[in-house]
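Single-letter residue listing:
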Amino acid sequence: MSGTEPAGTDEATRTERLRGAMRCLEGGQFAQARALVEPLCDDRRADVILAHALAGSGRSTRAARMLCRLAHDNPTARHPAQDMMTLLLRHSRLEEIEATLQATLRQTPNDIRLYDQLGEFLLLQGRTDEAIEVLIEGCRRHPSALRTGNLLAVTQNETGDAQKAQALLRHLLTYHPQSAMTHANLAHILTVDNRVDEALHHHAQALELRPEDPHIHLNHAMTLLKAGRHAQGWPEYEWRLRIPGRLKYPAERLLPTLKQDSDLSGQRILILSEAGLGDMLMYLRFVPALVRRGARVTLQGPREILPLAARIYGVERVIDPLRPVPAHDWHCPFGSLPRVLGQTSDIIGAPVPYLHADPHKVLAWEDYMPSRPGLRVGVVWGGASRPGVAQAQAIDRKRSMNLAQLAQLATIPGLHLVNLQRGQHARQMTDIPDGMQLYDPMDDVRDMDDTAAIIMNLDIVVSVDTSIVHLAGALGRPVIMMDRYDNCWRWQSGRGDSQWYPDLRIVRQPRPGAWNEVVARVRDMLASATRP
């Protein structure tokens, strides 16, 4: 209950106070919100606002008491601490959130909803070990807790405990055999562990239970593609466009699947920017097939790749996503191109090389290269994460290594290491390992057209799974990719080569995190290449 209500408070005054308090909450004025609603009583709306205002003001114990009382009245609903956390996150009140969640959990230690909330909060802060401890305690108290168990399993998998994650999800299925979420998460984790047949079984179970869920279909597509089942995988991948906000143009103008004899003469086709740089560099291989069929192609993409894209024969224009799109007959996101051509002889796209560096830039960048003789090896050890995208950040952590782990490459006689790394991982060059000499031309690089010219001056590229792998592969240059254990679908399972890039060799971790063994194998491969 709130405090003593002023005499003469009518419904209009009460409503105005509540509206004013809500405006204060939204503006982060928690003390003012408290002052407006504390006098109101017998009003659940006022109690909710007051609980949030108390939390934002640092009054965690009192806020917790109110949240517990509100939660007790609605034991099957979402815990009101969820809305409190959402509100305070917008105002970066992290200490206040944690203090209130901890106080609420102390007062009602058997409310499983709070373990979920605190676990999610800790994960948002990157405090994974603490989150796992909280979620484990929740599962100990409630062994059949569906949401808690799934959250713990997904987190365990992200930290390399795939076996524990699988065991936990199988355990949950004994309690909840009709849980589409649990079947879908188990399928995803089995795919990561390269157990695609089992994964496909659980995908089928999840889809039977929830046949219209685009997220389940999308993960199903990833498993099919990882298994090399493209005829099924690419149409299934189109379900991503049913996720709200993904399809930005009319569905009836989406480029349909073509037949071998389809004629696109004079048809204006807009290829839309989608996904990361590496994805788009790979999908550019399908553009020449549209040009050959007579299409007038406009490519939309990030500025970094536009000069390379403009050099594809027959492309009419290239634009960045900030420019208005031209008139067109059909549109097609980059990731839909394989589906469009999946029933033609162009199912793998154009042969390598399908991208070409500017020959003048190739000559200009020669001056930046280490002198001959010697093997010029471009190196990349870290990926580029997308801020605010938790899944992308988790993948980036797993696909990246430290520069120091490449130190053993510097011991190979007759080898020149050339830096191709950009972004946050490039800062590691301020502490280059002893004995390593790293030529660094990247300060003068403006876009991928410059990087392409540098790559054409190298003998080989050694990289973790980044856009540089796709760029070098598309240029027809030799590449050794140092791959994480739970590899991307496009590199399939159990392969050391690639159907996309004939001159690509894959060296994969034998177990999660085992970079030293990968680098040792790469060292042997490069040492053999330097011998006369």
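Source: prediction; values computed, not measured. (Residues numbered from 1 in each chain as written. Predicted model: local features only at pLDDT ≥ 70, side-chain atom pairs only at ≥ 80, totals over all residues. Heavy atoms only, no water.)

### Some remarks on helix H23 (residues 515–530)
Part 1 of the argument: An ideal rise of 1.5 Å per residue puts 22 Å on 16 residues; H23 measures up with 22 Å between its terminal C-alpha atoms.
Part 2 of the argument: Among the residues of H23, Trp-515, Val-518, Val-519, Val-522, Leu-526 and Ala-527 are the ones counted as buried. (Helix = DSSP H or I, 4+ residues; strand = E, 2+ residues; numbered from the N terminus. Expected span 1.5 Å × (residues − 1). Buried < 20%, exposed > 50% of the residue type's maximum accessible area, 1.4 Å probe, protein only.)

### Remarks on the environment of Arg-376
Part 1 of the argument: Mapped onto the elements, Arg-376 comes out in strand E5 (residues 375–380).
Part 2 of the argument: A relative accessible area of 3% places Arg-376 in the buried class.
Part 3 of the argument: With 40 residues separating them along the chain, Arg-376 and His-416 place their C-alpha atoms 4.9 Å apart.
Part 4 of the argument: The residues contacting Arg-376, other than those within four sequence positions of it, are Glu-366, Met-369, Pro-370, Ser-371, His-416, Asn-457, Leu-458, Asp-459 and Ile-460. (Contact = heavy atoms within 4.5 Å.)

### Brief notes about the nonpolar core
Part 1 of the argument: In this structure, Leu-284 and Leu-290 are the most contacted members of the largest nonpolar core, which totals 70 residues.
Part 2 of the argument: Ignoring sequence-local partners within four residues, the contact set of Leu-284 consists of Leu-299, Ala-309, Ile-312, Phe-334, Tyr-354 and Leu-355.
Part 3 of the argument: Among the nonpolar cores identified, the runner-up in size contains 36 residues, and Leu-18, Val-37, Ile-97 and Val-134 belong to it. (Core = buried A, V, L, I, M, F, W, Y, C linked by side-chain atoms within 4.5 Å.)

### Brief notes about the sheet that holds strand E1 (residues 268–272)
Part 1 of the argument: Taken in spatial order, the four strands make up an open sheet running E3-E2-E1-E4, and their pairing is parallel. The open sheet has two edge strands, strand E3 (315–319) and strand E4 (330–333), and neither has a second partner. On average, each strand axis in the sheet is inclined to that of its neighbour by 20°, with strand direction left out of account. (Pairing = 2+ DSSP bridges. Axes fitted to C-alpha atoms, helices over the stretch in contact; angles between N-to-C directions.)

### Remarks on the environment of Pro-351
Part 1 of the argument: Counting through the fold element by element, Pro-351 comes out in the loop between helix H18 (337–340) and helix H19 (359–365).
Part 2 of the argument: Distance in space between the C-alpha atoms of Pro-351 and Phe-286 is 9.7 Å, their sequence separation being 65 residues.

Bear in mind that shape data such as this cannot, by itself, settle questions of function.
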